[in-house]
Amino acid sequence: MPQRKRSFTFGAYGGVDKTFSKARGLWKQDGSDTRLSATLEAQPLQPTPNHSSSPFHKHSAPASTKTHWKKPSTTTELFEMIEKMQGNRMDEQRCSFPPPLKTEEDYIPYPSVHEVLGRKSPFPLILLPQFGGYWIEGTTHELSDSGEAEQLQPPSPNSRTKLECNTTATLFRKHFLGKEHFNYYSMDSTLGHLVFSVKYDVIGDQEHLRLMLRTKMKTYHDVIPISCLTEFPNVVQMAKLVCEEVNVDRFYPVLYPKASRLIVTFDEHVISNNFKFGVIYQKFGQTCEEELFGNSKESPAFVEFLEFLGEKIELHNFKGFRGGLDVTHGQTGTESIYCNYRNKEVMFHVSTKLPYTEGDTQQLQRKRHIGNDIVAIVFQEENTPFVPDMIASNFLHAYIVVQVVNPCSDDVLYKVSVTARDDVPFFGPALPNPAIFKKGPEFQEFLFTKLINAEYACYKAEKFAKLEERTRSALLETLYEELHVNSQAIMGVGGEDDKLENGSAGGGGFFESFKVTEK
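Predicted, not measured: the structure shown is a model, and the values here were computed from it.

Overview of helix H13 (residues 441-458)
Step number 1: Over its 18 residues, H13 runs 26 Å from end to end, which matches the ideal 26 Å to within 8%, given 1.5 Å per residue.
Step number 2: Of all 18 residues that make up H13, 14 are buried, and the element is covered over most of its length.

What follows is the structure, given as structure tokens:
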């Protein structure tokens, strides 16, 4: 759990250190930049010309200043001297350009999958693309001679099954909703729309202020003991306690009775209990996208793995999370694999269960679903490396590759490797060493945790982070407008056109529409 960084303007518990703030204010008013002063002092003093005299006349310097000024004998010499001085100045201002960006020709490529297959087996589960762009976890899959059973004992459950979650998103529901609190809104020239929640809390025997400030970039949260404050702050000062960058004159109170319902909907828009993952079947020797999506028959080992993943459901009239599959007209196949894991609904897009189109080498019906997933499982029945760039997709950012050993027996083992794009941070739980699992509930727990955490980690990649930033900014703007318009309407201020219908505002308006599109 990351610790809150102590700000240099706050005391140990978040109280404002006014002595330091005052000193810093005086320094800002009085202080000149030492680097700038040093630069100015380093420059030689120049004689001040007498503007009433001709520039060709010699000027006498003051006694306290020693200067050496040679009178130019001709106009030509004068211009030569000026040119020389300007040349020196230009040389001082020159800077070296950075080296040109590397091209593919500048890299030493990784071996291709065809080169590796030409070597002696066993082969790795995953190969990096020739020019990189991905990282790999889990490269050791060899068991020593000390006995398989002891080596494959899973670590403690607490370290293996921790699901990532956005704890800030649930704070309002946990601490504010249904309890006495105050909401405010304002507009900052830099931070944009602001929605601020304040609650008086008693924790133990101490009085606290619980503060939540929502900006277009993030939500700030803090709990500050009132005893650490020299005086009780106003709303603007409270906001600055959690975010120093706040620069507004005032906050406006939210008077709309259903405001908390709108705020909690905004906070929890990042929480999802529905997930969809691709499942790709890779046979021995298959090294391209067309071959992977061209598989239609399922081997016994693959069927066994699908049964391990979840239950086979009929898509027609299916009432659970459908993950974009057609449950009415059967245009995306007749069945799929579904699982409810810790109250999270998971729908798998299985390549062999999606419609197969004769004559379509790309199998676009299959790729349309799996290529729009963010995380996918690659099941290998035999030892053939998977390369992440085999599948061209702007969305797929992480793959969990599973290779079966001793299928359809009492001693089924699964080797596992994980790969993701370079801008995807590492996600847990960490693979054991060697990265081999026995078939059973421990592996199922690990696999589902790894899949869900992988999707959350992928959201932090540049592509999805920018999308989330735009989505959050749009939702916050809508929240701000609904709070403002409805608060004005409560006071009888504003025209009829500005008032929102009770149904649309109370039901969440844009937020509810946003939620529906996710299904």
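Structure's up, so let's keep going.
Structural notes on the packing of aromatic side chains
Step number 1: Inspection of the entire model under this criterion finds 28 aromatic pairs.
Step number 2: Arranged with centres 5.4 Å apart and planes meeting at 90°, the rings of Tyr 185 and Tyr 480 form a pair that is edge-to-face. Residue Tyr 185 is located in strand E2 (residues 182-188), and its partner Tyr 480 is located in helix H14 (residues 462-490); the two are separated by 295 residues in the primary sequence. Both residues of the pair, Tyr 185 and Tyr 480, belong to the buried class.
Step number 3: For the ring pair Tyr 459 and Phe 464, a centre distance of 6.5 Å and an interplane angle of 75° mean the geometry is edge-to-face.
Step number 4: Assessed through its relative accessible area of 34%, Tyr 459 is described here as partly exposed.

Overview of the packing of helix H9 (residues 259-267) against H14
Step number 1: Packing of H9 against H14 leaves a shortest axis separation of 10 Å and a crossing angle of 175°. Considering the angle they form, H9 stands roughly antiparallel to H14. In contact with Ala 259, Leu 262, Ile 263 and Phe 266 of H9, H14 contributes Arg 472, Leu 475, Leu 476, Leu 479, Glu 482 and Leu 483.

Quick word on the pattern of salt bridges
Step number 1: Per the stated rule, a full pass over the model turns up 12 salt bridges.
Step number 2: One salt bridge connects Glu 304 with Lys 439, and the closest N-O pair in it is separated by 3.2 Å. Of this pair, Glu 304 sits in helix H11 (residues 300-309) while Lys 439 sits in the loop between strand E14 (436-438) and H13, placing them 135 residues apart in sequence.
Step number 3: According to the relative accessible area criterion, Lys 439 is partly exposed, its value standing at 37%.
Step number 4: Across the pair Glu 462 and Lys 466 runs a salt bridge, and its minimum N-O distance is 3.1 Å. Placement of both Glu 462 and Lys 466 in helix H14 is noted, with a separation of 4 residues, approximately one turn of the helix.

Points about helix H8 (residues 235-242)
Step number 1: Burial of H8 is extensive: 6 of the 8 residues sit out of reach of the surface.
Step number 2: Of all the positions in H8, only Val 235, Val 236, Met 238, Ala 239, Leu 241 and Val 242 are classed as buried.
Step number 3: Among the structural elements, E2, strand E3 (192-203), strand E4 (206-214) and strand E5 (219-225) are those in contact with the buried residues of H8.

Side note on the pairing of strand E12 (residues 398-405)
Step number 1: Of all 8 residues in E12, 7 are buried; the element is thus mostly enclosed.
Step number 2: As defined by bridge partners, strand E11 (residues 375-380) adjoins E12 across 6 bridges and the pair is classed as parallel. Residue pairing across strands places Ala 376 opposite Tyr 399, the latter belonging to E12.
Step number 3: Pairing of E12 with strand E13 (residues 413-421), which is carried by 8 bridges, proceeds in the antiparallel orientation. Of the residues in E13, the one forming a bridge with Gln 403 is Lys 415.

What about the confidence of the model for the chain?
Step number 1: Here the chain shows a mean pLDDT of 80. Residues at 70 or above account for 72%.
Step number 2: Confidence over residues 1-67 falls short of pLDDT 50; this stretch has 40 contacts with residues more than four positions distant or in other chains.
Step number 3: For the stretch residues 496-519, pLDDT sits under 50, and the model shows 43 contacts to residues farther than four places along the chain or on other chains.

Criteria and cut-off values
- Residues numbered from 1 in each chain as written.
- Predicted model: local features only at pLDDT ≥ 70, side-chain atom pairs only at ≥ 80, totals over all residues.
- Heavy atoms only, no water.
- Helix = DSSP H or I, 4+ residues; strand = E, 2+ residues; numbered from the N terminus.
- Expected span 1.5 Å × (residues − 1).
- Buried < 20%, exposed > 50% of the residue type's maximum accessible area, 1.4 Å probe, protein only.
- Phe/Tyr/Trp six-rings, centres within 6.5 Å; stacked < 30°, edge-to-face > 60°.
- Axes fitted to C-alpha atoms, helices over the stretch in contact; angles between N-to-C directions.
- Parallel < 35°, antiparallel > 145°, perpendicular 65-115°, else oblique.
- Contact = heavy atoms within 4.5 Å.
- Salt bridge = Lys/Arg side-chain N within 4 Å of Asp/Glu carboxyl O.
- Pairing = 2+ DSSP bridges.
- pLDDT = per-residue confidence, 0-100.

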